[in-house]
Each structure stands twice: as C-alpha cells, then as structure tokens.
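Results of the structural survey
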Amino acid sequence: MNQIPALLRVFAYLSLLTVGGGMAAFPELKDLTVDVHAWLTFPQLVHLYSVGQLAPGPNMMMIVPIGDWAAGPLGAILVVLAFFGPTSLLTFVVGRGWAKLENWPWRRSIQQGLAPVSIGLLLAGCFTMAKGAIFGLETAAIAVGVLLMLLQYKVNPALLVLGGALVGLLSF
Amino acid sequence: MSEMVAKPVSQPEGTAPAVGVVSLGAIFWAFLIIGATSFGGVVPYLREHLVTRRKWLGDKEFVELLSISQTLPGLNATNMAILVGQKLRGIGGAIAAVVGICLPGGILMFIVGIVYRAHGDHAWATSALKGVAAASVGLVLSTVVQLGRTSLVQRIDFVFVALTVIAVNRLHIPVPWALIGVGLLAVLWHRPSGDRRDGETR
C-alpha cells in the first residue's frame, strides 16, 4: 500500500508527457516503472502495452494492471485518476478558451511546431519498445509485415495484433 | 442521471449543428459504447457516433476538436471525450464522457492483468505475446508514418523529428526536456511573424 504515493506521482507526471499519444511517454514509463520502482519487468511492460492495443477505448488502459500489481485494486483506480486527471483538467480549461484563441497567431505556430516533436516522441517510444519486442528475424518480420499491411490496406489494427499472436504461437 | 436535463453549453461561431437537450445519461451511454467497441483506434468510432449517428457535432467542429486534442498532452480519446462532454453539458458532461470511454477498456485490462500474472509465463502465452509485441511495434510505426504524411509540412519538420528521437534514444535526455527544448525551437521556427508563409516551403 505504501506504493500509492509513488504511483500517483509517477503517473501524474507521465500524464503530462503524452503529447501526441501514450507512446510518447513510453521511454519515461519504462524508466520509472521498470528501472526506478521495479513494479514490473521490461518484458512484462512490453507485453502489457501490446495486449493493451487489443483492448477497446483509450490505448493506455494497460496502466491499470501496473497499479493493481503495485498496490491492489485501489492502486489500479488511482493510477487511472492520476494518469488522466491532469491532462483532462488541462484540456477542460484550454477547451473553454480555445475558440477565443482562434485568431491568436501563435496558436497555429504551436500546432505546427508541436506536430514534428510529438511524432518524434512517438518514434522514440517505438524504438524503446522495439528493444524489448524485436529480437531475431521472426519478430522483425512480424513488425514490418504489420507496418506494410496497415500502410497498404484498410485493416483493423486490432486484427493484425491478433494475427501477430497467431504467428507467434505457430512459429516460436 | 438521465433525467437531469439542461441546455447545451453555448457554442461560439454557430459551428455546432442544432443539438437539442442532451442528458448526462445519454452522454455517458454514448461514450461507454464507443469505449466498449472501438477496437483498433478510437477516432473513427468517435466520428461515426458523434457526427454521423447522433449529430452532436458537425464535421468541421469534429476536426477542430480533434486538432485541440492532438496538440494538448493526453490521449486523443480522453481529450475528445472531455471536449465533447464539456460542449454538450459542461463539467458534468465532460466527466460522464471520460468515465464512459475509459470504463470498458479499464475493466478489461484489469482482468487481463490478473490472467497475465497467473499464466503469462506459460510457453504458449510467451510465444503469442512475442508475436503481439512485435505486431504492436509495426502498429506504432504505421501511426508515425500516417501522422507524418499529414503533419510534417516543411523539410525542417523532419529535422525536428530526428532531433527529438536523438535526444531521447541516443542522448537519453529525459522526455520533458526534449519536449520543451525541441518543442520551443520548432514553435519559434513556425512563429507567426515575417514573410515565410507556413506550408509553402515544401
């Protein structure tokens, strides 16, 4: 139970790093939950994140088990509140004023400037995750296969992740 | 909850379609359905439910709210829930929407966590999970490519992407510093002044 203050601190902090999506926070998520607090191992984190892609709704609900493992069901609930609370509040406040900012010239600058940075953060998160997920030819082939299929065809990504599970079952 | 009704929060510019009175229960229910069915990404489901089926938003307004959601920290799914809930019913609407969209996936992942802890190290599970993890890397990469196609307008934007990746992955600079450092640089580059018109230097 004494993990709760740390859980709240870590996930409220991670919350503010999710510019462009949950993946942007992945490098820090790995550092803090695996290396600093040892709530889970790196392979477990990679697995949870990946399985989380199969769940409907916001794609970072994989934080729920981390909270549960570290501090029980209360930890699970508090982790969600910590992770979504600060950004929700910020969005709520900014959402009220955003329409008024429509003619503020810096608004466009901020959007255009943050776009490449958020894409860079996504890519950085992806590389961090690849370190735990890609080893050998088979896993690389699955990743490239999924990438090409998604770029080429209109497929539901969740189906491709399930396909990855099937290929994994058959080939490893 | 559903009998509490009030006027939607006033909307500037008249961009909203004529939305009648939306109850908190209806908002919660709509987002609960989206949260329970949106496999493989939330945005298309949000559009389908909010714009096409329920007509709570116009298409232009949907894109506008989405661009706010993508600029601010937080996930697109929850940020959209907050903005739409707020537009329809103020603070109560925002809470109803965000709780609704998180609940199904949250409960599911709670159960997955328990099952994974008990059986995650079985041989068949590790094999399947290896495949799932590799597929997820491909999935995130495709998101990067698709976002890049639409949002990387100038050549310099690719430099900002590279700087961010080098800062985080090679130099191991903490994400907030990379975000503030490169972000500031990029925003200043795209600053509103001067004769360089955005998007023309492609």
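Remember, it's a predicted structure, so these values are computed and weren't measured experimentally.

Further remarks concern the overall build of chain A. In terms of helices and strands, chain A carries seven helices and zero strands. The order of α-helices and β-strands along chain A, N terminus first, is α-α-α-α-α-α-α. Taking all 172 residues of chain A together, the buried fraction comes to 59%. Within chain A, contacts between residues separated by at least 24 positions form 56% of all contacts whose residues are at least 6 apart in sequence. Counting only carbon and sulfur atoms, one obtains 69% of the accessible surface of chain A, whose full area is about 7,100 Å². Positive and negative side-chain charges in chain A, numbering 8 and 6 respectively, have mean positions lying 15 Å apart.

With that out of the way, let us pick up the overall build of chain B. Per the secondary structure count, chain B includes seven helices and zero strands. Taken across its 202 residues, chain B has 48% of its residues classed as buried. Summarising the internal contacts of chain B: among those between residues at least 6 apart in sequence, 54% fall at separations of at least 24. Accessible area for chain B stands at about 9,700 Å²; split by element, carbon and sulfur atoms hold 67% of it.

A separate point is the interface of chain A and chain B. On the chain B side, the residues contacting the 94 residues of chain A number 87 residues. When chain A packs against chain B, the two sides together hide about 7,700 Å² of surface, and 76% of this comes from carbon and sulfur. The largest share of the area that chain A buries against chain B comes from A:Pro56, A:Phe92 and A:Ile119, three residues that together contribute 8% of it. Counting every contact that joins chain A to chain B gives one salt bridge.

This part takes up the domain arrangement of chain B. Assigned domains within chain B: domain 1 (24–120) and domain 2 (123–190). Just the C-alpha atoms count here: the centres of domain 1 of chain B and domain 2 of chain B sit 24 Å apart.

Okay, the packing of helix 2 (residues 26–36) of chain A against helix 5 (residues 105–133) of chain A next. Residues and elements named next belong to chain A. Helix 5 packs onto helix 2 with a crossing angle of 45° between their chain directions and a minimal axis gap of 7 Å. As summarised for this structure, helix 2 and helix 5 are arranged oblique, according to the angle between their axes. Mapping the contact onto sequence places Phe26, Pro27 and Lys30 in helix 2 and Ala124, Gly125, Thr128 and Met129 in helix 5. Within the contact of helix 2 with helix 5, the residues separate by chemical class into four nonpolar, two polar and one charged.

With that settled, the discussion passes to a nonpolar patch on the surface. A surface patch of nonpolar side chains, amounting to about 610 Å² of accessible area, comprises B:Ile91, B:Ile95, B:Val99, B:Leu103, B:Ile107, B:Ile111 and B:Val115. If you trace the backbone, B:Val99 turns up in helix 4 (residues 76–119).

Let us now look at the side chain of B:Ser69. Residue and element names in this part refer to chain B. Its location among the elements puts serine 69 in helix 3 (residues 59–71). On the basis of relative accessibility, which here comes to 0%, the residue serine 69 falls in the buried class. At a separation of 3.5 Å, a polar atom in the side chain of serine 69 contacts the main-chain amide nitrogen of methionine 80. With near-sequence residues (within four places) excluded, serine 69 lies in contact with Gly74, Asn76, Asn79, Met80 and Leu83.

Conventions adopted
Residues numbered from 1 in each chain as written. Chains lettered and ligands numbered in written order. Predicted model: local features only at pLDDT ≥ 70, side-chain atom pairs only at ≥ 80, totals over all residues. Heavy atoms only, no water. Helix = DSSP H or I, 4+ residues; strand = E, 2+ residues; numbered from the N terminus. Buried < 20%, exposed > 50% of the residue type's maximum accessible area, 1.4 Å probe, protein only. Contact = heavy atoms within 4.5 Å. Areas by Shrake-Rupley, 256 points an atom, 1.4 Å probe, with all protein chains shown as cover. Lys, Arg positive; Asp, Glu negative; His and termini not counted. Charge placed at Lys NZ, Arg CZ, Asp CG, Glu CD. Buried area = accessible area lost by both parts, 1.4 Å probe. Salt bridge = Lys/Arg side-chain N within 4 Å of Asp/Glu carboxyl O. Domains from an automatic or database assignment. Axes fitted to C-alpha atoms, helices over the stretch in contact; angles between N-to-C directions. Parallel < 35°, antiparallel > 145°, perpendicular 65-115°, else oblique. Nonpolar A, V, L, I, M, F, W, Y, C, P; charged D, E, K, R; others polar. Patch = residues over 30% accessible without salt bridge, like charges linked within 9 Å, V, L, I, M, F, W, Y side chains within 5 Å. Polar contact = N/O pair within 3.5 Å; in protein donor to acceptor, adjacent residues only side chain to side chain.

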